[in-house]
Amino acid sequence: MKHDIQLIINGDTRTLAVESEQTLLEVLREDLGLTGVKHGCSTGECGACSVLLNGEVVNSCMVLAVEADQADILTVEGLATDEALHPLQKSFIDHHGVQCGYCASGMLISAKALLNRTSRPHEDEIREALVGNLCRCGAYADIIKSIQVASRARR
Amino acid sequence: MQQVLIRKPHVIGKPFPLIEAQKKLTGMTCYAGDLETLPGMLHARVLFSTRPRARFQLKNLEDARQIPGVVALITGKDHQARMGYTIKDRELLAVEQVAYAGQPLAIVAAETLAIADAALARIEVHYTDLPAVLDIAQALAPDSPAVHPHYQQYPGNDALNARPEQNIAHALTFTRGDTEQAFAQADVILERTYTAAPLQHAPMETHGGMAQAQPDGSITMWMHIQAPFLQRRIIAEALGMRPEQIRIITGCVGGSFGGKIFVSIEALLAAIALHTNGRSVRLLLTREEEFGSVFMAPAMQARIKMAATQTGRLLGIQATYDWNIGASVDASLFHLQAVTLAGTGPYAFPNAEIHTNAIYTNLLPAAPLRGLGIAQIHWAIEQHIAELAEMLHQNPLTMRQWNLIKGGDQLFPNFTMHANGLETCGLQVLNAIKWKPTRPQQSETPAPPALKSDKKVGRGMALSWSPIILSDQCGSSITLRLDKDNLCDIVIDGVDIGQGLYAFATQLVSFEINIPVEWITVQPTDTAKHPAYWQASYHNLMWSTGHALLKATAQMKQEILRFVGALWNEPITGLDIVDGEVISYASRRKLPLMTLLTEGSGDGTPPPVFEIKAMYRPPNIDGAIDSLLQSFATTAYAAEVEVDETTGGVTILQLAAAVDVGHALNPESVKAQIKGGMIQSVSYTLLEEMVFEDGIPQAVNFCDYPIATTADMPRQLHPIVVEVPQRSGPYGARDLSNHVQAGAAPAIANAIYRAVGVRIRDLPITAQRIYDALQAKKKET
């Protein structure tokens, strides 16, 4: 059964007809073409599909699209403006916070949520904020450094 | 009179960002699942066996085919084919009998994923179970069934040193001197068995891709894999086609670690594309399928016996490394060569006898994991050396130093060891964690006290070496093109899987032709656009592509200078390219290359196009495995751990790794690779085990197969770059990323021993194993 829902995606309001069983991840990737949001496990274990839903990090594979009706959603595609990269993106480039890159969009989203809460996070807080985002390349140390540098640059 | 121009500080050896980093960080990179779909694309799903060894029958196939929206459904009976790189020990789809749980039985293509799933659900599989062979001991038992009873009928059955009736898929041996005599003369002999669990590559991106049959009978495949030329050959052979009839276009790979080199589901995708009337088909594996039906990394069992004198001189080693490689061997061949060549560890044993056996079982086929088994063999050797040092009351550092291989040592008939930084690596890691090892009876700088009394701190080290093998297939081919449209295009046959290959190629071409990096684009591999070659794929990638690029750039520069020389009527010896400008030292004329490429030479002819194809082929070899050796990478690890005696839990306080990379061409990238390898090593050491129950994969998600998260990171990481140039390498560099893997596990195990006095000889080192060992030790005392 189709349901009409409205989402605010990266600042744009979109109205969509979605099936009851469609996940937010499926809708973002397949209906909206936001393929920067990655599919890694479908079970909320890897964090590759992380998005901000009303400011909170969620695994979009674990959220039904209908549950997200009226929500404000930020994906990796919404971080940069037309003019400039987000400071986190810039810092990840400068400090090798990306290797194969598959986890990167989820990492950036978790980092963004953290910096929204805490402007100058301690290393332990960063580690805790990223614990749900797996990176098989093991780039954690450079990811943490990228976030630290970005948080300092913001001030 | 020649003017001396100082070239501006070059890009080699300077920080250089990863190519594609910006695209990756803005969500614009195209991984396999992000491929733009072609009109009418179908969705494929695969039916996998759920039994390790059984005869089987598929029922209701016609019903499944009749479901509206099912376009094609094929089984092993429809498409009988064997495949493999050497011995064809795998079936495209099982025909009558399954050899492992996770083996493909059927593949369906349908209008939607839901319809494809419905079709698979309609099929009933009737199994008649047969006794399965699941571990090394079982496989080698005299009355054990053969995993491949019909081995002698397989194409390629004489390619390997196999004894299929005993389940030995391949056996390699290396001997030096006389070990029996060494054992007779020894003051001490230590013999132990070590094991390492089967693992998963676990890339964040699962396997997947798209295929489409073309009107001319060829197949185009969009596969984000590490070795397109290798796969092309195997797929073509399996389908009875010529390699040129398979075109593989690669793209960004979301992690491979060895799991996306050899063919797994790719041949199936090609096969189904032949049955869909030219409609494209996409197959993306679920996480459960990725873990349970692609590859595992092999499990190891090692028996090590060493002989030494009372003064700590190593006299001899006998080592047998048995690998559970599952039901197919060919992905494991490099792994087996590497562990045989490195089988003594980095020590100059005058007498050595190394046996490496690949053993068939009814488990998932094994594929080499980052490090090619080098991590596992050093897990054994470096604990063994530490225990021997303890027995002999020797300092674990100095005993290693006395016995270390050195530059100039004739290690194998065809190979003399080159200058290397292994000893420096060892000293630097110790320095990093501020540890000066001493003889056991002497007091050393005490480890910092643990916070709670039931926690103990200990420190350990390990050295390792890792052969860089260049078999005759490990060449590389490059197409370099300068033209108006793309300025400078590099088509490269290696694939950037996040290790920075494209950045390296860009640096090299910019430096060698002396043009700005902004002009350069590295194009992903497309087998239709390449001179055919097996190709560089993993541990020798920088080496092979580097040499091919050096050739290509030298020719390209000559080509450009010849063109301009003819234009100016000047000999090319007086011409050069500096910062993107062709200059003449004699006439002082200048011509920006950009002007030449975009506007032409001004005489009304169209702008020139320069294209060079170059290939690097490894030196001819005579077939002896030691002649495959290009060099050894050397690595040292030191660890400081805290062990909770109540729970057996381990916290890694500090981990230091030093790798001799020859020359760090992109220093920050090198450090990033070292840090990544350290984290992955910690993950293998403490967390990971591919669990099977009766041959059926159980750990098929990230809960049951945990990999390291930020919570598992050592408190402090010390990545160290050591540079002793490899004279034969591009700019003196040596390949890196595989070789970081060796040494973390034994360093951590040695540290645990020094903290709480128990030796764990089975990987992974779980809290349960430490707890059990502590309980057993308590009972003894």
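Rules of the game
By convention here, each chain's residues receive numbers from 1 onward along its written sequence. Chain labels run from A onward and ligand labels from 1 onward, assigned in the order the entries are written. Restriction of local features to residues with pLDDT of at least 70 applies here, the model being predicted, together with a cutoff of 80 or more for giving and counting side-chain atom pairs; totals for whole chains, interfaces and linings are based on all residues. Helix and strand assignments come from DSSP, with helices taken as H or I runs of at least 4 residues and strands as E runs of at least 2, each series counted from the N terminus. Each radius of gyration is computed over the set of C-alpha atoms, and the globule rule expresses the reference value as 2.2 Å times the number of residues to the power 0.38. In this scheme every C-beta is placed from the backbone, and a residue whose C-beta has 20 or more other C-beta atoms within 10 Å is buried, one with 12 or fewer is exposed, and one in between is partly exposed. We call two residues in contact when the distance between their C-beta atoms, placed using the backbone, is within 7 Å. Classes in brief: Ala, Val, Leu, Ile, Met, Phe, Trp, Tyr, Cys and Pro nonpolar; Asp, Glu, Lys and Arg charged; the others, Gly included, polar. Segmentation into domains, and thus their bounds, comes from an automatic or database assignment. Working convention: axes come from line fits to C-alpha atoms, limited for helices to the stretch in contact. Angles between N-to-C directions cover 0 to 180 degrees. Angles below 35 degrees are treated as roughly parallel, those above 145 as roughly antiparallel, those between 65 and 115 as roughly perpendicular, and all remaining angles as oblique. Crossing handedness is read from the near helix: turned anticlockwise from the far helix by less than a right angle, it gives a left-handed crossing, and turned clockwise, a right-handed one. Pairing between two strands requires that DSSP report at least two bridges joining them. For a helix, the expected span equals 1.5 Å multiplied by the number of residues minus one. As used here, a nonpolar core is made of buried Ala, Val, Leu, Ile, Met, Phe, Trp, Tyr and Cys residues. They are joined through C-beta atoms within 7 Å.

Caption draft 1: Quick peek at the overall build of chain A. Each helix and strand in chain A was counted, giving five helices and five strands. Reading the secondary structure of chain A in the N-to-C direction produces β-β-α-β-β-β-α-α-α-α. The globule rule puts the C-alpha radius of gyration for 155 residues at 15 Å, and the 15 Å found for chain A is close to it. The C-alpha extent of chain A, read off along each of the three principal axes, is 45 × 30 × 25 Å. Split into buried and exposed, the 155 residues of chain A put 56% on the buried side.

Caption draft 2: Geometry of the overall build of chain B. The secondary structure content of chain B amounts to 18 helices and 33 strands. Taken against the 2.2 N^0.38 rule, which gives 28 Å for 781 residues, the C-alpha radius of gyration of chain B at 28 Å falls within 12% of a compact globule. The principal-axis extents of the C-alpha atoms in chain B amount to approximately 95 × 80 × 50 Å. For chain B, buried positions account for 57% of its 781 residues.

Caption draft 3: Structural view of the interface of chain B and chain A. If you look at the interface, chain B gives 45 residues, while chain A gives 38 residues. When contributions to the side of chain B that touches chain A are tallied by element, the ones reaching two or more residues are α1 (21-25) and α16 (667-686) of chain B. A per-element tally of the side of chain B that touches chain A places α16(B) first, with nine residues. Its residues assigned to classes, the side of chain B that touches chain A comprises 23 nonpolar, 16 polar and six charged.

Caption draft 4: Structural context of the domain arrangement of chain B. All names here are of chain B. Looking at chain B, the domain boundaries give domain 1 (21-27 + 473-616), domain 2 (32-130 + 201-293) and domain 3 (299-471 + 623-780). Taking the mean C-alpha position of each, domain 1 and domain 3 sit 40 Å from one another. Listed by partner, the interface residues are 16 residues for domain 1 and 16 residues for domain 3. Mapped onto the side of domain 1 that touches domain 3, the elements with two or more residues apiece are α13 (501-513) and α14 (541-568). Looking at the side of domain 1 that touches domain 3 residue by residue, the classes come out as eight nonpolar, eight polar and no charged.

Caption draft 5: Seen up close, the packing of helix α6 (residues 228-238) of chain B against helix α7 (residues 266-273) of chain B. Residue and element names in this part refer to chain B. Taken N-terminus to C-terminus, the directions of α6 and α7 make an angle of 50°; their axes are 10 Å apart at the nearest point. On the basis of the axis angle, α6 is oblique to α7. Here α6 and α7 pass one another in a crossing that is right-handed. Residues Gln231, Ile234, Ile235 and Ala238 of α6 form the contact with α7, whose participating residues are Glu266, Ala267 and Ala270. Its residues placed into classes, the contact of α6 with α7 shows five nonpolar, one polar and one charged.

Caption draft 6: Broad picture of the pairing of strand β25 (residues 581-584) of chain B. All names here are of chain B. Bridge count between strand β24 (residues 575-578) and β25: four bridges; the pairing is antiparallel. Each residue of the ladder has a partner; that of Leu575, found in β25, is Ser584. Taking the residues between adjacent antiparallel strands as the criterion, β24 and β25 are bridged by two residues, where Asp579 takes a positive phi near 50°. Of the strand pairs in this sheet, β25 and strand β26 (residues 590-592) are connected by three bridges, and their pairing is antiparallel. Directly across from Glu581, in β26, lies its bridge partner Pro592. Between the antiparallel neighbours β25 and β26 lie five residues, among them Arg588 with a positive phi of about 60°.

Caption draft 7: Broad picture of the domain arrangement of chain A. Residue and element names in this part refer to chain A. Each assigned domain of chain A is listed here: domain 1 (2-76) and domain 2 (87-153). Domain 1 puts 14 residues into the contact, and the matching count from domain 2 is 13 residues. Residue assignment for the side of domain 1 that touches domain 2 shows that the elements contributing at least two residues are β3 (50-53) and β4 (56-59). For the side of domain 1 that touches domain 2, the element with the most residues is β3, which contributes three residues.

Caption draft 8: A look at helix α3 (residues 104-117) of chain A. For α3(A), built from 14 residues, the straight-helix expectation of 20 Å at 1.5 Å per residue is met to within 8% by its first-to-last C-alpha distance of 20 Å. Buried residues dominate α3(A), accounting for eleven of its 14 residues. Taken together, the buried residues of α3(A) touch β3, β4, α2 (87-94), α4 (123-129) and α5 (140-153) of chain A together with α1 of chain B.

Caption draft 9: Here's a closer look at the sheet that holds strand β2 (residues 12-19) of chain A. Residues and elements named next belong to chain A. Within the open sheet, the five strands sit side by side as β2-β1-β5-β3-β4. Their pairing is mixed. A single partner strand is all that each edge strand has here, and the edge strands are β2 and β4. Each adjacent strand pair in this sheet contributes to an overall mean axis angle of 40°, direction not counted. Both β3 and strand β5 (residues 72-74) contribute to a ladder of two bridges, which runs antiparallel. In the strand pairing of β5, Leu53 is matched with Ile73. Along the sheet, α3 makes contact with β3 and β4, crossing β3 at roughly 35°.

Caption draft 10: Quick peek at the sheet that holds strand β23 (residues 520-523) of chain B. All names here are of chain B. Spatial ordering of the open sheet is given by β23-β22-β21-β27, a layout of four strands whose pairing is mixed. Where the open sheet ends on each side, the last strands, each with one partner, are β23 and β27 (610-616). The average angle at which neighbouring strand axes cross in this sheet is 20°, direction not considered. In the sheet, strand β21 (residues 476-483) pairs with β27 via seven bridges, with the strands oriented antiparallel.

Caption draft 11: The nonpolar core, seen in detail. Residues B:Val429 and B:Ile752 are the most contacted members of the largest nonpolar core, which totals 316 residues. When residues no more than four places from it in sequence are discounted, the contact partners of B:Ile752 are B:Gly458, B:Val641, B:Val643, B:Val650, B:Val758, B:Ile760, B:Ile765 and B:Ile770.

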